[in-house]
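Next come the chains, spelled out residue by residue.
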Amino acid sequence: MTRLQSALWLPIFDELADPVLVARLAAEAEEAGWHGVFVWDHLRWRAPVRQAADPWITLAAIATATERLRFGPMVTPLPRRRPAKVAKETATLDRLGGGRLTLGVGLGSDRFAGELRATGEELDDRRRGQMLDESLEILTAAWSGEPVHHHGEHYTVDGITFLPKPIQRPGVPVWVAGFPGNIKPVRRAARHDGFVPVNLDHPDQLAEIVTTITGLRQGQMAPYDIAATGASGTDPVPYVKAGATWWLVEFAPETVSLDQVRGVLRDGPVER
């Protein structure tokens, strides 16, 4: 089986809506042997959640509090963000962390918190998919350090050079999120560096996804990451057998607490 890497996947809400506190948790996780800490990217969440931290400021705090573990937004709804701004943020954050940023991206959804509607963002999934693909084209070009000339349906970047570049080459690893049964995000993920299946019901679903991505990539799966998620106590072995390279321990956003996260991280990462 593939050597599994383990990470905490934190909804930075309410008690965890404090970047200083989350940075301390990340340092404790690194000391306990965890390989990564990833954070949610939301403006708000449904009741009873009342507070939500900014993920990018929180990630900067994590970057300065740790030395080895990977970190990043998991996932950022890229269509509601300006890709030129994200290009600067990701390059700077990667340099701040010494080349440890992973960028999780997705369409975003109004399903859980109504964020898109409440802020006047695009609601049509198809158009958000187009925006996501354009944004990823811009990011890839920006990370090269060469002038970016992009004139698309949704975005324009006219001859801007984005320097300094990220430490990681050819750029920051991109993991694409998607729901099982939806082929478009799988195809998108195959063009990048990893896939994060959302709301898996069974490891067989993951195995089917891995088979599809392997075919799309013509068997070139090294390096490539498949991140599976599960609550603490879930056996990751079936997911590793299905092709997972990362195991992200998830927490219920409405009830996550400092004590709960500390209890999980002190148990140490899953080793397989």
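Everything quoted here is computed from the prediction, not taken from an experiment.

Can you walk me through the packing of helix H1 (residues 19–31) against helix H9 (residues 258–267) in this structure?
Helix packing for two helices is described by the angle between their axes and how far apart those axes are. For the pair H1 and H9, the least separation of the axes is 10 Å and the interaxial angle reads 15 degrees. Taken together, H1 and H9 sit at an angle that is classed as roughly parallel. The handedness of the crossing between H1 and H9 is right-handed. Judged by residue contacts, Leu 21, Leu 25, Glu 28 and Ala 29 of H1 engage Leu 258, Val 261, Arg 262 and Leu 265 from H9.

Hey, could you run me through the packing of aromatic side chains in this one?
Think of a pair of aromatic rings as described by two things: how far the centres are apart, and how the planes are tilted against each other in angle. The full count for this structure, using the stated rule, is nine aromatic pairs. Relative to Trp 40, the ring of Trp 9 lies with its centre 5.8 Å away and its plane at 45 degrees, an arrangement referred to as tilted. With Trp 9 in strand S1 (residues 5–10) and Trp 40 in the loop between strand S2 (36–39) and helix H2 (55–65), this residue pair connects regions lying 31 residues apart in the sequence. Like Trp 9, the residue Trp 40 is buried in the burial classification. The interplanar angle of 40 degrees and the centroid separation of 5.4 Å between the aromatic rings of Tyr 239 and Trp 247 together place this pair among those described as tilted. Across the pair, Trp 247 and Tyr 239 agree in class, each one buried.

I'm lost on the nonpolar core in this one. Help?
Here is a general trend for soluble globular proteins: nonpolar side chains tend to be buried in one another's company. Leu 8, Ile 62, Leu 206 and Val 261 are the most contacted members of the largest nonpolar core, which totals 65 residues. With seven residues, the top contributor of residues to this core is helix H5 (residues 125–143). Apart from the residues within four sequence positions on either side, Val 261 is in contact with Leu 8, Leu 10, Leu 16, Leu 25, Phe 251 and Val 256. The next biggest cluster of nonpolar side chains, apart from the first, holds 15 residues, and it includes Trp 9, Phe 13, Trp 175 and Leu 248.

Whenever I open this one, the pairing of S1 confuses me. Can you help?
Regular strands place side chains that alternate from one sheet face to the opposite one. Counting buried positions along S1 yields five of six residues, so the element is predominantly enclosed. Sheet topology places S1 next to S2; four bridges connect them, and they run parallel. Bridging from a neighbouring strand, Trp 9 pairs with Phe 38 of S2. You can see the chain leave S1, run along H1 and come back into S2, and the turn it takes is right-handed.

Just checking my understanding: could you explain the sheet that holds strand S9 (residues 194–197) for this structure?
Pairing between the strands of a sheet is mediated by backbone hydrogen bonds and can be parallel or antiparallel. A sheet is described by the order of its strands in space; here nine strands give the open sequence S3-S2-S1-S11-S10-S9-S8-S5-S4, paired in parallel fashion. Bordering the open sheet on either side are strand S3 (70–73) and strand S4 (76–77), each of which pairs with just one other strand. The pairing of strand S10 (residues 225–231) with strand S11 (residues 246–250) spans five bridges and is classified as parallel. Opposite Ala 227, over in S11, you have Trp 246 as the bridge partner.

Sorry, what's going on with the side chain of Glu 115 here?
Here Glu 115 lies in helix H4 (residues 115–118). Buried charge without a partner: Glu 115 forms no salt bridge, and the closest opposite charge is Arg 80, 4.2 Å away. Only 3.3 Å separates the side chain of Glu 115 from the backbone nitrogen of Arg 44, close enough to count as a polar contact. Excluding its chain neighbours within four sequence positions, the residues that come into contact with Glu 115 are His 42, Leu 43, Arg 44, Arg 80, Ser 109 and Asp 110.

Got a minute to help me understand H1 in this structure?
Three- or four-residue spacings in an α-helix give side chains the same orientation, since the helix completes a turn every 3.6 residues. With 13 residues, H1 ought to run about 18 Å at 1.5 Å a step, and its terminal C-alpha atoms sit 18 Å apart, in line with that. Among all positions of H1, only Leu 21, Val 22, Ala 23, Leu 25, Ala 26, Ala 29 and Glu 30 are buried. As for H1, its buried residues are in contact with S1, S2, H2 and H9. Where H1 begins, the side chain of Asp 18 points an oxygen toward the backbone nitrogen of Val 20, at a separation of 3.0 Å. A positive backbone phi angle near 100 degrees is found at Gly 33, which sits one or two residues after H1.

Help me understand the packing of H1 against H2, please; the structure alone is not making it clear to me.
Their axes nearest at 8 Å, the elements H1 and H2 cross at an angle of 40 degrees. When the axis of H1 is compared with that of H2, the two are oblique. Relative to H2, the crossing made by H1 is right-handed. Together, Pro 19, Val 22, Ala 23, Ala 26 and Ala 27 of H1 and Thr 58, Ala 61, Ile 62 and Ala 65 of H2 make up the contact between the two elements. Partitioning the contact of H1 with H2 into residue classes produces eight nonpolar, one polar and no charged.

Criteria and thresholds
- Residues numbered from 1 in each chain as written.
- Predicted model: local features only at pLDDT ≥ 70, side-chain atom pairs only at ≥ 80, totals over all residues.
- Heavy atoms only, no water.
- Axes fitted to C-alpha atoms, helices over the stretch in contact; angles between N-to-C directions.
- Helix = DSSP H or I, 4+ residues; strand = E, 2+ residues; numbered from the N terminus.
- Parallel < 35°, antiparallel > 145°, perpendicular 65-115°, else oblique.
- Left-handed = near helix turned anticlockwise from the far one by under 90°.
- Contact = heavy atoms within 4.5 Å.
- Phe/Tyr/Trp six-rings, centres within 6.5 Å; stacked < 30°, edge-to-face > 60°.
- Buried < 20%, exposed > 50% of the residue type's maximum accessible area, 1.4 Å probe, protein only.
- Core = buried A, V, L, I, M, F, W, Y, C linked by side-chain atoms within 4.5 Å.
- Pairing = 2+ DSSP bridges.
- Right-handed = clockwise from strand over helix to strand, strands pointing away.
- Lys, Arg positive; Asp, Glu negative; His and termini not counted.
- Salt bridge = Lys/Arg side-chain N within 4 Å of Asp/Glu carboxyl O.
- Polar contact = N/O pair within 3.5 Å; in protein donor to acceptor, adjacent residues only side chain to side chain.
- Expected span 1.5 Å × (residues − 1).
- Nonpolar A, V, L, I, M, F, W, Y, C, P; charged D, E, K, R; others polar.

That's the geometry; what it means functionally is another story.
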